[in-house]
Amino acid sequence: MNDVRFEFEVYSEDYVQGGSVSSDIKKYLHQIGINQKLIRKIVICSYEAEMNIIIHSLGGNLILEIKQDLILLISSDKGPGIKDITLALTAGYSTAGSKAREMGFGAGMGLPNMKKNSDLFEITSCPNGTNIKMSYYI
Amino acid sequence: MKVKDLLKNISFKLITGENLDKEIGGVYTGDLLSWVMSHAKKDDAWMTVQTHLNIVAVAKLLDLACIIIVENAEIESETVEKANSENITLIQTHYNSFEIMKSMLVKDD
Ligand SMILES: Nc1ncnc2c1ncn2[C@@H]1O[C@H](COP(=O)(O)OP(=O)(O)OP(=O)(O)O)[C@@H](O)[C@H]1O
Ligand SMILES: [Mg+2]
């Protein structure tokens, strides 16, 4: 199979669509025959990344790349960035506001979940945006 | 136990869903979505007081058997619509989590 690449827009504050990109990603991975266990890991990561863009950023996108023996999931947004990445990666740390918390977000587990469920987790952030690259070996 | 077996008890009210032959593989309780995402398993019945429409996405992504809204938490109409269109089984009950577990485990025959 040739390498494939999909890009999905994710909009700030768009709680109503929250999870729809991850749902498309899940459907596609299923179609191309990726095993259940790996789909679950990727979908957990994409959902957490998608919701973080919606809740914490000005908007961005998710990119899914399927390579020979590797799947890449890339989340990138337009800012405002994460000041202290080490702190943000600490389980339980969250700056989510009351609106997000009322809906059950803000446990401070999203980034730790992404790290735990990917084989390789790379994150960079500056005021212009946050970039997260997650790799999975097929 | 299947979803339809749960519904034999009149304390459980079916709000949405058609696939009632689905087997309930386990139970997960939680209201923090990131915890649910990483710990709930395929075919679990998920008990929660969260009623915002994002619970539908979580149930769908994890292939949960059903969502049980506990203690008669009021369900937003957007959530019902979304659950309907995604064919997610949504059940409401006045029971709390303990009472639900008791009703699932204790056979009254
Ligand atoms: N894309 C992003 N842009 C800006 N800040 C972010 C972004 N993603 C995460 N953060 C910051 O990192 C913190 C921790 O993120 P994490 O996903 O772990 O928890 P959360 O989103 O607050 O809660 P949860 O994911 O458990 O619902 C956030 O509260 C926020 O301050
Ligand atoms: Mg998060």
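Quick caveat, the model's predicted, so the values are computed rather than measured.

K.L.:
How do you make sense of helix H5 (residues 110-117) of chain A when you look at a structure like this?
P.N.:
Given 3.6 residues per turn, any residue in an α-helix points the same way as the ones three and four places further on. With respect to burial, H5 of chain A is a largely interior element, six of its eight residues being buried. Within the span of H5 of chain A, buried status applies to Gly110, Leu111, Pro112, Asn113, Met114 and Asn117 of chain A. At its buried positions, H5 of chain A is contacted by helix H2 (36-56), helix H3 (85-88), strand E4 (120-126) and strand E5 (129-137) of chain A together with helix H2 (33-39) of chain B.

K.L.:
Explain the site of ligand 1 here, please?
P.N.:
Every one of the 21 residues lining ligand 1 counts as a neighbour, but His56, Ser94, Thr95 and Gly106 of chain A together with Ser34 of chain B are closest to it. One nitrogen or oxygen atom from the side chain of Asn52 of chain A is found 2.8 Å from an oxygen atom belonging to ligand 1. At 2.8 Å from a nitrogen atom of ligand 1 is found a side-chain nitrogen or oxygen belonging to Asp77 of chain A. Protein chains shield 95% of the accessible area of ligand 1, which is 600 Å² for the free molecule.

K.L.:
Could you clarify how one ought to interpret the interface of chain B and chain A in this entry?
P.N.:
Often, the extent of an interface is quoted as the loss of accessible area upon association of its parts. If you look at the interface, chain B gives 22 residues, while chain A gives 22 residues. Of the roughly 1,800 Å² buried between chain B and chain A, counting both surfaces, carbon and sulfur atoms make up 54%. Taken as a group, Ser34, Met37 and Leu61 of chain B account for 30% of the area that chain B buries against chain A, more than any other trio of residues on that side. Between Asp63 of chain B and Lys26 of chain A there is a salt bridge, with the nearest N and O atoms lying 2.9 Å from each other. At the junction of chain B with chain A, the criterion picks out 12 residue pairs in polar contact (both at pLDDT 80 or more). In terms of residue class, the side of chain B that touches chain A is made up of 10 nonpolar, six polar and six charged.

Reading the values: rules and limits
Residue positions are given per chain, counting from 1 as you read along its sequence in written order. Whichever chain is written first becomes A and whichever ligand is written first becomes 1, with later ones labelled in order. A pLDDT threshold of at least 70 governs which residues receive local features in this predicted model, and a stricter bar of 80 or more applies before side-chain atom pairs are shown or counted, although totals over entire chains, interfaces and linings include all residues. Derived side-chain values reflect all non-hydrogen atoms in the structure, with water molecules and hydrogen atoms excluded from consideration. For the exposure calls, accessible area comes from a 1.4 Å probe over protein chains only, and a residue counts as buried if that area is under 20% of its type's maximum, exposed if over 50%, partly exposed in between. Numbering of helices and strands starts at the N terminus; helices are DSSP runs of H or I of at least 4 residues and strands are runs of E of at least 2. Residue contacts are defined here by distance: any two heavy atoms, one from each residue, within 4.5 Å place the two residues in contact. It suffices for a single heavy atom of a residue to lie within 4 Å of a molecule or strand for the residue to be listed as near it. Pairing of N or O atoms within 3.5 Å defines a polar contact, subject to two protein rules: one partner must be a possible hydrogen donor and the other a possible acceptor, and residues neighboring in sequence count only if both atoms are side-chain atoms. Exposure was quantified through the Shrake-Rupley algorithm and a 1.4 Å probe, taking into account, for residues, occlusion by the shown protein chains and nothing else. Accessible-area loss on putting two parts together, using a 1.4 Å probe and summing over both, is the definition of buried area adopted here. Salt bridge, as used here: a side-chain nitrogen of Lys or Arg that lies within 4 Å of a carboxyl oxygen of Asp or Glu. Put simply, Ala, Val, Leu, Ile, Met, Phe, Trp, Tyr, Cys and Pro go in the nonpolar bin, Asp, Glu, Lys and Arg in the charged bin, and everything else, Gly too, in the polar bin.

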